[in-house]
Amino acid sequence: ADRERGVQGAGAAEQLFARSEFSINVRGDTAGTSREVTNLQTGTIPLTVDDRLRYAATPFQCFVPYDHVTAAVGEASVMRKPGAAMKAALEQWPTARRERARELMAHFVRDVSWRVPGSRLAETTLLELAWSRHYVTTTPGLQRKHAPLHRS
């Protein structure tokens, strides 16, 4: 469906994202990617193909509830039956869930992007660094997902 969403200063790729319901995010040759930020900016729900990718390099995991804005499908199931695996994953995202995900994306994009009005990226970066320095360096094996740091 063609939707009226977009990004300030967006190029062709971002405009294509903005017209899409979902985007397919697959593992690449490096852990980092800007796709998660592009997804948040455009309100396009990422369908990650590889469960580990969701947590490998997503920025600011202690602020953004990626579990609520990201669809996932296991890489092994995609390798066996790609169409069926992706269809099954997308069937878990009815209209109400997609709308709620986009509401969350619109709120949290300010934490991860300079390219939106009211960006909080500087504050988020400083809070993430403070959290990382304190918790990550003092707690061996700490899982970063859902850290106990919230804005007041």
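An account of the accompanying structure is given in this report. In this text, all values refer to a predicted model and were calculated from it rather than measured experimentally.

1. Topic: the sheet that holds strand β2 (residues 45-49)
Strand order in the open sheet formed by three strands is β1-β2-β3, and the pairing between neighbours is parallel. Every interior strand has two partners, whereas the edge strands, β1 (22-26) and β3 (71-73), have only one. The average undirected angle you get between the axes of adjacent strands in this sheet is 25 degrees. By the bridge criterion, five bridges tie β1 to β2 in an arrangement that is parallel. Residue pairing for β2: Ser23 is matched across the bridge by Pro46. Each of β1 and β2 is contacted by helix α7 (residues 95-108), which is oriented at about 100 degrees to β2, the strand it contacts most.

2. Things to note about helix α6 (residues 82-90)
Among the residues making up α6, those that are buried are Ala85, Met86 and Ala89. With its buried residues spanning 90 degrees around the axis, α6 presents them on a single face. Among the exposed residues of α6, those pointing more than 90 degrees away from its buried face are Gly83 and Lys87. Close packing links the buried residues of α6 with β1, β2, β3 and α5 (75-80).

How each quantity is defined
Residues numbered from 1 in each chain as written. Predicted model: local features only at pLDDT ≥ 70, side-chain atom pairs only at ≥ 80, totals over all residues. Heavy atoms only, no water. Pairing = 2+ DSSP bridges. Helix = DSSP H or I, 4+ residues; strand = E, 2+ residues; numbered from the N terminus. Axes fitted to C-alpha atoms, helices over the stretch in contact; angles between N-to-C directions. Contact = heavy atoms within 4.5 Å. Buried < 20%, exposed > 50% of the residue type's maximum accessible area, 1.4 Å probe, protein only. Arc of directions from axis to C-beta.

Interpretation in functional terms is not warranted from these geometric data alone.
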